Amino acid sequence: MCAFPGVENPGDSIMAAKPKLYYFDGRGRMEPIRWLLAAAGVEFEEEFLETSKDLEKLRNDGSLMFQQVPMVEIDGMKLVQCRAILNYIAAKYNLYGKDIKERALIDMYVEGVADLNEMYLFWSISPPNEQAAKMTQMKDKIANRYLPAFEKVLKSHGQDYLVGNRLSRADIHLVELLYLVEELDPNLLANFPLLKALKARISNLPTVKKFLQPGSPRKPPMDEKCLAKVKEIFQLK
Amino acid sequence: MAAKPKLCYFRGRGRMESIRWLLAAAGVEFEEEFIETREQYEKLQKDGRLLFGQVPLVEMDGMVLTQTKAILSYLAAKYDLYGKDLKERVRVDMYADGTLDLMMMIALAAFKTPGEKEENLALVVKKAKTCYFPAFEKILKDHGEDFLVGNKFSWADIQLLEAVLMVEELDASVLSDFPLLKAFKTRISNIPTIKKFLQPGSQRKLPPDSHYVKTVRNVLQL
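Each value, and the rule that gives it
- Residues numbered from 1 in each chain as written.
- Chains lettered and ligands numbered in written order.
- Predicted model: local features only at pLDDT ≥ 70, side-chain atom pairs only at ≥ 80, totals over all residues.
- Heavy atoms only, no water.
- 1 Å grid on protein atoms, 1.4 Å probe; cavity = no way out; pocket = protein on both sides within 12 Å on 5 of 7 lines; lining within 4 Å.
- Points joined across faces, edges and corners; volume = space filled by probe spheres on them.
- Nonpolar A, V, L, I, M, F, W, Y, C, P; charged D, E, K, R; others polar.
- Helix = DSSP H or I, 4+ residues; strand = E, 2+ residues; numbered from the N terminus.
- Domains from an automatic or database assignment.
- Buried < 20%, exposed > 50% of the residue type's maximum accessible area, 1.4 Å probe, protein only.
- Right-handed = clockwise from strand over helix to strand, strands pointing away.
- Axes fitted to C-alpha atoms, helices over the stretch in contact; angles between N-to-C directions.
- Parallel < 35°, antiparallel > 145°, perpendicular 65-115°, else oblique.
- Contact = heavy atoms within 4.5 Å.
- Phe/Tyr/Trp six-rings, centres within 6.5 Å; stacked < 30°, edge-to-face > 60°.
- Lys NZ or Arg CZ within 6 Å of the ring centre and 35° of its normal.
- Buried area = accessible area lost by both parts, 1.4 Å probe.
- Salt bridge = Lys/Arg side-chain N within 4 Å of Asp/Glu carboxyl O.
- Polar contact = N/O pair within 3.5 Å; in protein donor to acceptor, adjacent residues only side chain to side chain.
- UniProt positions renumbered as here; feature names shortened; annotations may be inferred.
- Pairing = 2+ DSSP bridges.
- Core = buried A, V, L, I, M, F, W, Y, C linked by side-chain atoms within 4.5 Å.

Peer 1: Could you give an account of empty space enclosed by the protein, naming the residues involved and the relevant values?
Peer 2: Residue and element names in this part refer to chain B. In this structure the tally under the stated criterion is three cavities of 30 Å³ or more. Around the largest cavity, the lining residues are Asp80, Leu81, Tyr82, Gly83, Lys84, Glu88, Val92, Val149, Lys152, Phe153 and Ser154. Considering only residue class, the lining of the largest cavity consists of five nonpolar, two polar and four charged. In this model, the second largest cavity occupies a volume close to 40 Å³. In terms of lining residues, the second largest cavity is bounded by Arg13, Glu17, Trp21, Glu162, Leu165, Met166 and Arg204. Elements supplying a minimum of two residues to the lining of the second largest cavity: helix 1 (17-25) and helix 6 (155-170). The element that contributes the greatest number of residues to the lining of the second largest cavity is helix 6, accounting for three residues. Of the residues contributing to the lining of the second largest cavity, the split by class is three nonpolar, no polar and four charged. Counting the residues that make up the lining of the second largest cavity, at least three belong to each of domain 1 (6-79 + 198-220) and domain 2 (86-189).

Below, the structure is given as structure tokens:
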């Protein structure tokens, strides 16, 4: 608390405003941001879009640079574009490696995770008759492209974390993905001992452990009700 | 003398073009290996240089990099085109990703059926005029500076120019309501490294034609 009540220290608030997340009440493109903030030990608030009118209002307010969510209010800025938001949080909370070469590796791994997340996102809103085929394709990529790539990285250096022998956002994003993979099919992780170990290790970090507990801001998989809401909010067919 | 960066991709824009622009704007000479056959691609995958089995691939500074945005971020940071601090960097990232979204829509449209392609490209022009260009016009208006971020040339400016030129190829009048963007376009085009890149004979690639689409489909077995 401030030692001199009533006297303001410029640039030093007694209680900095918490970041505020604007999105619907579900994972979508906001979930990696929730994971990263939580892992960094940063408390945040959320404002949930319930209808297309809520999205319209945000757009009319001029709050969304490209008329899209996610949007995160943080440090006096209204940030859009997931990668930009995540890069900012990672750098601010020292989860982005020690130099630009480590950052390049982290980015490469993170973009791979993001590609798979994107596949999952599109799967979740595709017509039911297309979902089975898309899921098969996705599981094939998980098993034969993505998980082997990350297992190989861990094997190549034998360290506890993906990059620089230190916790970074790459570990957080990957573990988030591993939980998703497990939800889709627990057997997918069976042949990847180093990934399993990473998952356990990261899950035991106090901030992550807390986030994994019920009652945290972590969101469940999309259900029918949420899907209907999403379709209405974004006016999808 | 450091080895030149080596780019590996198809002989066309796709996901590599923004990387070519950034290198060129930074005045960095680079070499290119063009993928023409399925056999070449399979060999690349077997070599183990493609982390997720995909191109673009850029080899530089002892690293084997894939993932377009990872490569672009590295180049922006290395060549001091990423703002002066975190708050400027996040703005560069926001603007760059917005323009990348727009350009990706154009790149992907090339692979649709003729009817769908026309529809998608029309939508791109509409989005440019109603969403993206107004956003950037406003940024330039609000600070009245020559560059998008921090009164200094950055990756965001390079990509915005690239996007503007790409959309103009679809609709030459697209900037008619955006006087600041017009001035921006002229100004950035006149930067010596960019001026050079915009001349015929540079490594800048042409819009996707049927030969390019056919090659990519064949190599990636789409």
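Once the structure has been displayed, the description carries forward.
Peer 1: With reference to specific residues and values, describe the pairing of strand 2 (residues 31-34) of chain B.
Peer 2: Here strand 2 of chain B shows one buried face, formed by Glu32 and Phe34 of chain B, and one open face, formed by Glu31 and Glu33 of chain B. Taking the sense of rotation as the criterion, the β-α-β connection linking strand 1 (residues 6-9) of chain B, helix 1 of chain B and strand 2 of chain B turns out right-handed.

Peer 1: Summarise unusual backbone geometry; cite the residues concerned and give the values.
Peer 2: Of the consecutive residues valine 69 of chain A and proline 70 of chain A, the connecting peptide bond is found in the cis state with omega at 10°. Tracing the sequence through the fold places proline 70 of chain A in the loop between helix 2 (52-60) and strand 3 (71-74). Backbone geometry at glutamine 235 of chain A places phi at a positive 55°, although glycine is not the residue there. Classification of glutamine 235 of chain A by relative accessible area gives exposed; the value is 59%. The phi dihedral of asparagine 151 of chain B falls on the positive side, at around 55°, and the residue is not glycine. Relative to the assigned elements, asparagine 151 of chain B resides in the loop between helix 5 (114-143) and helix 6.

Peer 1: Can you explain the packing of helix 5 of chain B against helix 7 (residues 179-189) of chain B? Please cite residues and give values.
Peer 2: All names here are of chain B. Orientation of helix 5 relative to helix 7, taken along the N-to-C sense of each, is 80°, at an axis distance of 8 Å. One finds that helix 5 runs roughly perpendicular with respect to helix 7. Together, Phe133, Phe136, Glu137, Leu140 and Lys141 of helix 5 and Pro179, Leu180, Leu181 and Phe184 of helix 7 make up the contact between the two elements. For the contact of helix 5 with helix 7, the class distribution of residues is seven nonpolar, no polar and two charged.

Peer 1: Which residues make up the packing of aromatic side chains, and what values do they have?
Peer 2: Tallied over the entire structure, the rule returns 18 aromatic pairs over all chains. For the pair tyrosine 9 of chain B and phenylalanine 10 of chain B, a centre-to-centre distance of 5.1 Å together with 65° between the ring planes defines the contact as edge-to-face. Within the aromatic cluster, the residues linked to one another by ring pairs are Phe66 of chain A together with Tyr95, Tyr132 and Phe136 of chain B. Against the face of tyrosine 82 of chain B rests arginine 89 of chain B, its NZ or CZ located 5.5 Å from the ring centre.

Peer 1: Requested: an account of the layout of surface pockets, with residues and values cited.
Peer 2: Of the voids in this model, the second largest pocket is the one considered here, and its volume is about 530 Å³. In this structure, the second largest pocket is lined by 22 residues; those nearest its centre are Gly62 and Met65 of chain A together with Ala135, Lys138 and Ile139 of chain B. Listing elements by their share of the lining of the second largest pocket, those giving two or more residues are strand 4 (77-80) of chain A together with helix 4 (86-109) and helix 5 of chain B. Counting residues per element, the lining of the second largest pocket draws most heavily on helix 5 of chain B, which supplies eight residues. In terms of residue class, the lining of the second largest pocket is made up of eleven nonpolar, six polar and five charged.

Peer 1: With reference to specific residues and values, describe the interface of chain A and chain B.
Peer 2: With 32 residues of chain A at the contact, the number on the chain B side is 32 residues. Summed over both partners, the interface of chain A with chain B buries about 2900 Å², with 66% contributed by carbon and sulfur atoms. Ranking the residues of chain A by area buried against chain B places Phe66, Arg83 and Met108 of chain A at the top, with a combined share of 23%. One can count two salt bridges joining chain A with chain B. Linking chain A with chain B are nine residue pairs in polar contact (both at pLDDT 80 or more), by the criterion used here. Looking at the side of chain A that touches chain B, the element that brings in the most residues is helix 4 (residues 100-125) of chain A, giving ten residues. Across the side of chain A that touches chain B, the residue classes break down as 17 nonpolar, five polar and ten charged.

Peer 1: A description of the UniProt feature "domain: GST N-terminal" (unreviewed entry) in chain B should follow, citing residues and the corresponding values.
Peer 2: Following the UniProt record, one finds the feature "domain: GST N-terminal" (unreviewed entry) at residues 3-83 of chain B. Span residues 3-83 of chain B is 37% helix and 20% strand, its end C-alpha atoms 26 Å apart.

Peer 1: Can you lay out the sheet that holds strand 1 of chain B for me, pointing to particular residues and giving the numbers?
Peer 2: Residues and elements named next belong to chain B. On the basis of which strands lie adjacent, the open sheet formed by four strands has the order 2-1-3-4 and mixed pairing. On the outer flanks of this sheet lie strand 2 and strand 4 (63-66), each paired with one strand and no other. In this sheet, adjacent strand axes meet at a mean angle of 20° when their direction is disregarded. Alignment of strand 1 against strand 2, held across four bridges, turns out to be parallel. Across the sheet, tyrosine 9 pairs through a bridge with phenylalanine 34, a residue of strand 2.

Peer 1: So what's going on with the nonpolar core? Which residues, and what values?
Peer 2: Residues and elements named next belong to chain B. Core analysis: the biggest nonpolar cluster contains 157 residues, and Phe133 and Leu148 have the highest contact counts within it. A total of eleven residues in this core trace back to one element, the largest contributor, which is helix 5. Residues from two domains meet in this core; each of domain 1 (6-79 + 198-220) and domain 2 (86-189) gives at least three. The residues touching phenylalanine 133, leaving out its near neighbours within four places in the chain, are Leu102, Ala128, Val164, Val167, Val174, Leu175, Phe178 and Leu181.

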